Amino acid sequence: MARRFSLSARMTTIATILLCLLGAIAIHEVWTLHRQVAQERHTLAQSLVEAIRNQIEYFHTLEIIGDLSRAEAQRQALQVIQAARFSDGNYLWVHDLDGNVLAHPLNPELVEQSRAGALSPEMSALLERFNKAISIKDSATVSYMWPNPRGGEPTAKVSYLIHFEPWNWVIGSGVYLGDINQETRSRAWLLLGSLAVIAVLAIGITLRLALGITRPLKQVTAAMAAVAAGDLDHPLPPADRNDEVGDLSRAMAIFCQQQRAARAIQLAHQEQQRLTSTVFNTIAEGVIVTDANGVIKAVNPSFTQLTGYQPEEAIGQTPRLFASGRHDREFYRQMWDSLLRDGQWSGEIWNKTKEGRVFPEWLSIRAIHDDNQQISEYVAAFSDITQRKQQEERVQWFADHDSLTGLINRRAFDRDLPELVRNALNNHLRVAFLFIDLDRFKDINDTHGHLIGDRLLQAVAQRLRHAVRDGDLVARMGGDEFVIVLSPIHDRMAVYRLADALITKLAEPLHIEHTTLLPSASIGVLLVPDHAKSVDEALRLADQALYRAKNQGRNQWATLDGKGTVPAQAIKDDSPRSEAEG
């Protein structure tokens, strides 16, 4: 007959095995906990460093696009870093490759000491060690001994470093291993206390199981009710019974494990949704989500700020609501071709706000596909680039215009003139060239100074602009030389009358800075195609016509003869160019 174990023997055996198991679990969990705490602190340090690098990259982007100078971008970045506040035990710093501490929110006196060249030799040596480590690769982990602010004695420490190469900055955050051990001990005591409670409960359950089958069944029923209510961490009856109660316990354990795994997945999904929602609601760019047919499903707050449309006004509409009318069908056809072919499109587009203001924006659209690889949504992000466009236009204006007079300069004149002449000739129309040179301008500069000379040039430019039509070309070629191009011309006599009027107008007295000037000008007049067939020929012959006016006594205009050449008597070999220019 098989030997029977008494209930007390079984209980003692079970209790002994349970305690040994709990001891092994405790040792394993304490070790795992130590590694987990260390990993958490290291991860936190890396997260702090990555967060600060993202801040610095933001200001670096402002530098790249020209919104801030490098010095201003660096100053604002350091100001943000220095103002950062962290939880107890967490800190970071920024220094450069020259060993200068640029920011240290927890210990700002290090920045002052660094500026004064008063860093301790130990600190300088440590920064040099950091720079050496970061020179090998862009991120590094350095272990060393350093005094703990709480205890004063040097303790083991690990620092995580990232090199921000565009500015040669090093971002670092450190962890004291002693803090990790202390936190591990605190958590370990909590864990051991929890395990002790579990042990007591388990022993109590074992004792109760010894009383019979009724109480174990009640315990199983209670555990099932707790799990059904959502408490997946509720203590379960022991699963080591070789009976129906054991079968129920094992089934419940498997069920709870599966439910915990499902809950973990659900919580991760919820966290991902929270992060997505946070980005969607806080990003500076406007965001629009449409269905596959282009009907708007959602917009973010920045969309409302940029367009003026509230969400309820835009949802259910299509992006045609913002159309400015500046783009033709071909533009949109190419956009949709790119979206359907590549799944994305980016470019500059002009849209209209609710108030009717038309503004340029940089738009990026991406197609979202479902599990069947069919397009389910389109996500569009855009930003207002009005200021950037205005800056580009301002730069272009200065590139094409004379800064003193505001007239187009030689560069723009040489670029635009061939097309203007070509269009006129293609339409069988005349083009008139008037080369204008101020008489004795050098004498005015020498007598009254360059300031008066500049004011004279500005006044002449104003008179020239007022004398011609809006579509005519007026340019300053340099010095006191101007060119007027009239197109189209239907009456050549009108050109000669304009030349007469300009001679009269430019000879009117000018009162500048308590000085009265009596200027005059010489004008060379040439008609295309009457006198020239090409732009180069027209420029050359108009210049010769100007010389003719100069040589005939100045303060007058001259043209070519019917053959398109200057009469021989109008050219004087002994009249140098500088004399003709007066």
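Check the entry above for the structure.
Nothing here was measured: the structure is a model prediction, and the numbers come from that model.

**Description of the pattern of salt bridges**
Inference 1: Per the stated rule, a full pass over the model turns up 25 salt bridges.
Inference 2: Arg415 is the partner of Asp400 in a salt bridge, and the nearest nitrogen-oxygen pair spans 3.1 Å. Of this pair, Asp400 sits in helix α11 (residues 386-400) while Arg415 sits in helix α12 (residues 410-426), and the two are 15 residues apart along the sequence.
Inference 3: As a salt-bridge pair, Lys550 and Asp437 come within 2.9 Å of each other at their nearest N and O atoms. On the criterion of sequence distance, the pair formed by Lys550 in helix α16 (residues 535-551) and Asp437 in strand β11 (residues 430-438) is long-range, its members being 113 residues apart. No difference in accessibility class separates Lys550 from Asp437, as the two residues are buried.
Inference 4: Connected through shared salt-bridge partners, Asp400, Arg411, Arg415 and Asp416 make up one network.

**A few points about the pairing of strand β12 (residues 473-478)**
The two faces of a sheet get side chains in turn, since along a regular strand they alternate between them.
Inference 1: Of all 6 residues making up β12, 5 are buried, and the element is well covered by its neighbours.
Inference 2: Note: β12 against strand β13 (residues 481-489), 5 bridges, orientation antiparallel. By the bridge assignment, Gly478 is partnered in β13 with Glu481.
Inference 3: Between β12 and β13, which pair antiparallel in sequence order, lie 2 residues; one of them, Gly479, sits at a positive phi of approximately 60°.

**Concerning the packing of aromatic side chains**
Inference 1: For the coordinates displayed, the defined rule picks out 14 aromatic pairs.
Inference 2: Geometrically, the ring pair formed by Phe130 and Tyr144 is edge-to-face, given 5.7 Å between the ring centres and 65° between the ring planes. Taken together, the positions of Phe130 in helix α4 (residues 121-136) and Tyr144 in strand β3 (residues 139-147) put the pair 14 residues apart, joining distant regions of the chain.
Inference 3: The buried category is assigned to Tyr144, whose relative accessible area is 8%.
Inference 4: Pairing Phe331 with Trp345 gives two aromatic rings, centres 6.1 Å apart and planes at 85°, and the pair type is edge-to-face. Of this pair, Phe331 sits in helix α10 (residues 329-342) while Trp345 sits in strand β8 (residues 344-352), and the two are 14 residues apart along the sequence.
Inference 5: Every member of this aromatic cluster is reached through a ring pair, and the members are Trp93, Phe130, Tyr144 and Trp146.

**With respect to the sheet that holds strand β7 (residues 296-299)**
Inference 1: Taking strand neighbours across the sheet as the criterion, the 5 strands line up as β7-β6-β10-β9-β8 in an open arrangement whose pairing is antiparallel. Each end of this open sheet is capped by a strand with a single partner; those strands are β7 and β8. For this sheet, the mean angle separating the axes of adjacent strands, direction not counted, is 25°.
Inference 2: Both β8 and strand β9 (residues 358-369) contribute to a ladder of 9 bridges, which runs antiparallel. Across the sheet, Asn351 pairs through a bridge with Phe359, a residue of β9.

**Brief notes about the environment of Thr307**
Inference 1: Structurally, Thr307 can be placed in helix α8 (residues 301-307).
Inference 2: Each C-alpha atom, one on Thr307 and one on Arg357, is 9.0 Å from the other, the two residues being 50 residues apart in sequence.
Inference 3: Those residues in contact with Thr307, other than ones at most four positions away along the chain, are Thr353, Lys354, Glu355 and Phe382.
Inference 4: A polar atom in the side chain of Thr307 sits 3.2 Å from the backbone nitrogen of Tyr309.

**A word on the nonpolar core**
One broad trend across soluble globular proteins is that nonpolar side chains are buried collectively.
Inference 1: Within the largest apolar cluster, 34 residues are counted, with the highest numbers of intra-cluster contacts made by Leu434, Ile436, Leu456, Leu464, Ile484 and Leu486.
Inference 2: Secondary structure elements with two or more residues in this core: β11, α13 (441-448), α14 (450-467), β13, α15 (492-506), β14 (510-512) and β16 (521-528).
Inference 3: When sequence neighbours within four positions are dropped, the list of residues in contact with Leu434 reads Phe482, Val483, Ile484, Leu486, Val495, Leu498, Ala499, Leu502, Ile523, Gly524 and Val525.
Inference 4: Membership of the second largest hydrophobic core comes to 24 residues, among which are Phe435, Leu473, Ala475 and Val528.

**Digging into the side chain of Asn351**
Inference 1: Within the secondary structure, Asn351 sits in strand β8.
Inference 2: For Asn351, a relative accessible area of 11% corresponds to the buried category.
Inference 3: A polar contact of 3.1 Å, which involves the side chain of Asn351, links it to the side chain of Glu361.
Inference 4: Ignoring any residue separated from it by four or fewer positions in sequence, one finds Asn351 in contact with Phe322, Ala323, Ser324, Arg357, Val358, Phe359 and Glu361.

**Side note on the sheet that holds β11**
Inference 1: Here 5 strands make up an open sheet; going across it, the order is β12-β13-β11-β16-β17 and the pairing mixed. Across the chains shown, the open sheet's two edge strands, defined by having one partner strand only, are β12 and β17 (557-559). Taken pair by pair, the neighbouring strands of this sheet meet at an average axis angle of 20°, ignoring direction.
Inference 2: Note: β11 against β16, 8 bridges, orientation antiparallel. Looking at β16, one finds that Phe435 is bridged to Gly524.
Inference 3: The strands that α16 touches are β11, β16 and β17; relative to β16, the one it contacts most, it runs at about 145°.

Scoring rules and cut-offs
- Residues numbered from 1 in each chain as written.
- Predicted model: local features only at pLDDT ≥ 70, side-chain atom pairs only at ≥ 80, totals over all residues.
- Heavy atoms only, no water.
- Salt bridge = Lys/Arg side-chain N within 4 Å of Asp/Glu carboxyl O.
- Helix = DSSP H or I, 4+ residues; strand = E, 2+ residues; numbered from the N terminus.
- Buried < 20%, exposed > 50% of the residue type's maximum accessible area, 1.4 Å probe, protein only.
- Pairing = 2+ DSSP bridges.
- Phe/Tyr/Trp six-rings, centres within 6.5 Å; stacked < 30°, edge-to-face > 60°.
- Axes fitted to C-alpha atoms, helices over the stretch in contact; angles between N-to-C directions.
- Contact = heavy atoms within 4.5 Å.
- Polar contact = N/O pair within 3.5 Å; in protein donor to acceptor, adjacent residues only side chain to side chain.
- Core = buried A, V, L, I, M, F, W, Y, C linked by side-chain atoms within 4.5 Å.

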